[in-house]
Amino acid sequence: MLKRLLLVLGETRASLAARQYAFQLARTMGANIAGLAGTDLSFVDAPMLGGIGTSAFKAHLEEELEEQAQHARARLHEAFDRECKTHDTAGELLSFEGDAVENVKLAAETCDLIVTGHDSTFHGKAREELPDTLDTLLSATPRPIVICGEEAPEGRDILIAYDGSLPAMRALQIFTLLGVGANRHIHLISIDTDREVANRRISRAARYLQSHGHRVEMTPITTAASPVEAIRVEIAARRIETLVMGTYGHRTLRELIFGSTTRGLVEDPPCALFVYH
């Protein structure tokens, strides 16, 4: 059962949508929230080409970025504290300076779930496309991650995309055991060019969900279209709040998390994405 979630704080539209998602989930589940804000200025330490004045410029840049980061953390902490009071939710403020992945990993050790915007960054910028932090988080922490897009989901239904892979099995189990889908309408889909294969997969997943008391609407999908296109169509046709899926593929982590199906959804999330490796 979900008791504590880690919210990555930020100021982008996706970060604000993640904050809304996290507080709604915490309120529904009776969970508390740890809000994490920090700065990783390691990129400033990279070798900088140049002659006289390079070191001074680097020091000035680092000082300027650190000052901006301090102001940003103060704003984020103030907004988080205000939100906790508004929703009467128990919250804890966490702050760090240094390696982002390592600090998120440490913070996640005491939480059940991480919630973040798809463009959240700790490098002192307002926005960064598919930041490296998000790219490596799934390998750095054993916790599932909910990745939010720029718009807060309007619906309340759950869509589970199940392909029968080990990541999909793990995602289905951890989602179920956390209780996030309790009292929700669950749509279960399996996509394949062979309808019999899709039917077998979806039936096994449905039996697992039903054994935990969930009512499930099953939709095997036979199509030659890409899984990304098929999933987006299903989300658009329903009032989906959260898509549950495992990571896809058996290659390197970057190709796995931000390649093919997962990358196509993370770049522009059509709803909140519950992802587990």
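Residues numbered from 1 in each chain as written. Predicted model: local features only at pLDDT ≥ 70, side-chain atom pairs only at ≥ 80, totals over all residues. Heavy atoms only, no water.

Caption draft 1: Just the packing of helix H5 (residues 166-178) against helix H6 (residues 195-211), in detail. The geometry of H5 relative to H6 is characterised by a closest axis approach of 11 Å and an angle of 20° between their N-to-C directions. Regarding the angle of H5 to H6, the classification is roughly parallel. For the pair H5 and H6, the crossing hand works out as right-handed. Seen from H5, the contacting residues are Leu172, Gln173, Thr176 and Leu177; seen from H6, they are Ala205, Tyr208 and Leu209. Across the contact of H5 with H6, the residue classes tally to 5 nonpolar, 2 polar and no charged. (Axes fitted to C-alpha atoms, helices over the stretch in contact; angles between N-to-C directions. Helix = DSSP H or I, 4+ residues; strand = E, 2+ residues; numbered from the N terminus. Parallel < 35°, antiparallel > 145°, perpendicular 65-115°, else oblique. Left-handed = near helix turned anticlockwise from the far one by under 90°. Contact = heavy atoms within 4.5 Å. Nonpolar A, V, L, I, M, F, W, Y, C, P; charged D, E, K, R; others polar.)

Caption draft 2: Structural detail: the layout of surface pockets. Approximately 170 Å³ is the volume attributed to the second largest pocket. Taken together, Glu151, Ala152, Pro153, Glu154, Gly155, Ile235, Arg238, Arg239, Ile240, Pro270 and Cys271 make up the full set of residues lining the second largest pocket. Each residue belonging to the lining of the second largest pocket can be placed in one class, and the counts come to 6 nonpolar, 1 polar and 4 charged. (1 Å grid on protein atoms, 1.4 Å probe; cavity = no way out; pocket = protein on both sides within 12 Å on 5 of 7 lines; lining within 4 Å. Points joined across faces, edges and corners; volume = space filled by probe spheres on them.)

Caption draft 3: Main features of the sheet that holds strand E8 (residues 216-222). Sheet architecture is open: 10 strands sit in the order E3-E2-E1-E4-E5-E10-E9-E6-E7-E8, paired in mixed fashion. For this open sheet the edge positions go to strand E3 (91-97) and E8, each flanked by a neighbour on one side alone. Averaged over all adjacent pairs, the angle separating strand axes in this sheet is 20°, with direction ignored. For strand E1 (residues 4-8) and strand E2 (residues 32-39), the ladder comprises 5 bridges, and the chain directions are parallel. Each bridged residue has a counterpart across the sheet, and for Val8 the counterpart in E2 is Leu36. Contacts between helix H7 (residues 227-237) and the sheet are confined to strand E6 (157-161), strand E7 (186-192), E8 and strand E9 (240-246), with E7 contributing the most and set at about 155° to the helix. (Pairing = 2+ DSSP bridges.)

Scope: geometric values only; no functional claims are made or implied.
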